[in-house]
Amino acid sequence: MGPRLEQVVTAPPSASATTTGVIAPSLLPPLPSILVPNPCLRNLFSWRHKDGSTGGSGGGSDGGGGGGSSSSASSSPVPSSSPASSSSSASSPGGGGWRIFSRPPLRPPRSPDLQARNCELEAGSAGLIMENRPTNLPAKTAYEQLKHKQEYQQMVSAAKKKELKEAKERKKAQASQQRLEEQMAAAVTTWNSEILPKWDTMHTHKKCRELWWQGLPSCVRGKVWKLAIGNDLYKHKTNPESKSKSFWRLTVDRMFQGGPYHDPLHNILGAYACYRPDVGYVQGMSFLAATLLLNMDETDAFIAFSNLLNRPAHMAFFRVDQPVMCAYYNAFEELLVMNLPYLAEHLRNIEVTPDLYILDWLLTVFSRPLPIDAAVRIWDVYLRDGEEFLLRAAIGILKLYETVLTNQECTATAAQFLTRLPEDLGADALFRAIASVRTSAHKRTFTQILQAHMDAAASHSV
């Protein structure tokens, strides 16, 4: 997954109060069994009558507050008690009244085994699970205690397994990244020392073509592109006041506003509009120029851009040569039927014709619909194999998303998906799909197939 080219170039809580100012224990939510407080707080809201029976709710002053009047005591849910009895209950473990401000009751000394067990559980979450419930809640049964212990052990075991799995995945990813970096370093050495100095004899060599297919290292990509495109420019009558001047300025401002390549893009597109006024500016050229600018300086990018647009496929599409465009569409459909017959039939049934998506793919050499990492890989092999690879790559994309497309029943939805492919499209997966695409059939090469459709289109246009 990678960035797009244009991205590179440029409920309040509710409050309740009681009339007495004290929240009664009966209004508090019950504590869950898994979250048990310290034993000294178990009797926090328990209250005992003088006769020893417990009260479910109650309130009163203990230490810090004084006893209320008889009228307030009768209307309050808190039993009335004198200050003396209140203070005595605060100091007595078995006394009545609230114990929220009193000292915790004295507990019998724990056995050494029990103390050791509690010390082990205090630091972890096991203490929350294995502690008994408060006295005002039903005690855990033996089955519940065993169940909670087993659940805790299962959670700890699952957490450890997840941590080990993530560690293995990180280690595997690091090893894979290290291998990739070593391969790229070796490829850079091979390109700089063996291929580029002997380009005329080595660029058709098997070793060179294999390295080319694997993807050019970014540090040599601009050099290889420049040599692969060549320079066959010829002079044309210039026209500084080209009619497309305002159009390309508007397009660049809209697509790459504020980016570091904004001014160089203006220069390249403006210079080309003057260099080829018969072609001018066509929407989509900015993506080609931007991709070249990412890999070479402004002067080399202009030369490569001008030579690239002189190629037959680009010149036909940018000059809107309908017979030639139809020939490419028909050749693409024939190859699609040959490689993906079921998908070709489905797209025909939902009326998704090649001109709805293949035009944008070819005009921008996939720089617009694909993430930049996958797009430059297609550029690499396109500059090696020519326009045949553009149609091969297009069928590879359809093969990669064949399942998604066969489930589409709406023309607009399918066309929208194809014009803006997913961001997580990986170059390696795409090239595995492209590698299985055939561009020849019935002893006919791609050139012969395309030429047959061009002859048919020319005969229809006459």
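Scoring rules and cut-offs
Residues numbered from 1 in each chain as written. Predicted model: local features only at pLDDT ≥ 70, side-chain atom pairs only at ≥ 80, totals over all residues. Heavy atoms only, no water. Helix = DSSP H or I, 4+ residues; strand = E, 2+ residues; numbered from the N terminus. Buried < 20%, exposed > 50% of the residue type's maximum accessible area, 1.4 Å probe, protein only. Core = buried A, V, L, I, M, F, W, Y, C linked by side-chain atoms within 4.5 Å. Contact = heavy atoms within 4.5 Å. Axes fitted to C-alpha atoms, helices over the stretch in contact; angles between N-to-C directions. Parallel < 35°, antiparallel > 145°, perpendicular 65-115°, else oblique. Left-handed = near helix turned anticlockwise from the far one by under 90°. Nonpolar A, V, L, I, M, F, W, Y, C, P; charged D, E, K, R; others polar. Phe/Tyr/Trp six-rings, centres within 6.5 Å; stacked < 30°, edge-to-face > 60°. Lys, Arg positive; Asp, Glu negative; His and termini not counted. Salt bridge = Lys/Arg side-chain N within 4 Å of Asp/Glu carboxyl O.

**Observations concerning the overall build of the protein chain**
Move 1: Scanning the protein chain for helices and strands turns up 23 helices and two strands.
Move 2: Scored against the burial criterion, the 462 residues of the protein chain give a buried share of 39%.

**Thoughts on the nonpolar core**
Move 1: Formed by 95 residues in total, the largest nonpolar core has its most connected members in Trp191, Phe305, Tyr357, Trp361, Leu370 and Leu398.
Move 2: By residue number, the principal contributor to this core is helix H18 (residues 372-385), which donates nine residues.
Move 3: Setting aside chain neighbours within four positions, we find Leu370 in contact with Arg4, Ala375, Ile378, Ile397, Leu421, Leu425 and Leu430.

**A closer look at the packing of H18 against helix H22 (residues 427-435)**
Move 1: It is the contact of H18 with H22, at a shortest axis distance of 9 Å, that shows an interaxial angle of 40°. In this view, H18 runs oblique relative to H22, as classed from their interaxial angle. In the packing of H18 onto H22, the handedness of the crossing is right-handed. Of the residues in H22, those touching H18 at Asp373, Ala374, Arg377, Ile378 and Val381 are Ala427, Asp428, Leu430 and Phe431.
Move 2: Of the residues assigned to the contact of H18 with H22, the class counts are six nonpolar, no polar and three charged.

**Quick word on the packing of aromatic side chains**
Move 1: Across all of its chains, the model carries 15 aromatic pairs by this definition.
Move 2: When the ring of Trp213 is compared with that of Phe431, the centres are 5.1 Å apart and the planes differ by 75°; the resulting orientation is edge-to-face. Remark: Phe431 occurs in helix H22 and Trp213 occurs in helix H8 (residues 206-213); sequence separation between them is 218 residues.
Move 3: We classify Trp213 as partly exposed; its relative accessible area is 22%.
Move 4: Residue Phe431 is classed as buried on the basis of its relative accessible area of 4%.
Move 5: By the ring-pair criterion, three or more aromatic residues cluster together here, those being Tyr272, Tyr275, Phe302 and Phe305.

**Quick look at the side chain of Arg311**
Move 1: Structurally, Arg311 is set in the loop between helix H13 (298-309) and helix H14 (312-318).
Move 2: The side chain of Arg311 is buried and forms no salt bridge, while Glu387, the nearest opposite charge, is found at 7.4 Å.
Move 3: The residues contacting Arg311, other than those within four sequence positions of it, are Ala228, Ile229, Tyr382, Leu383 and Gly386.

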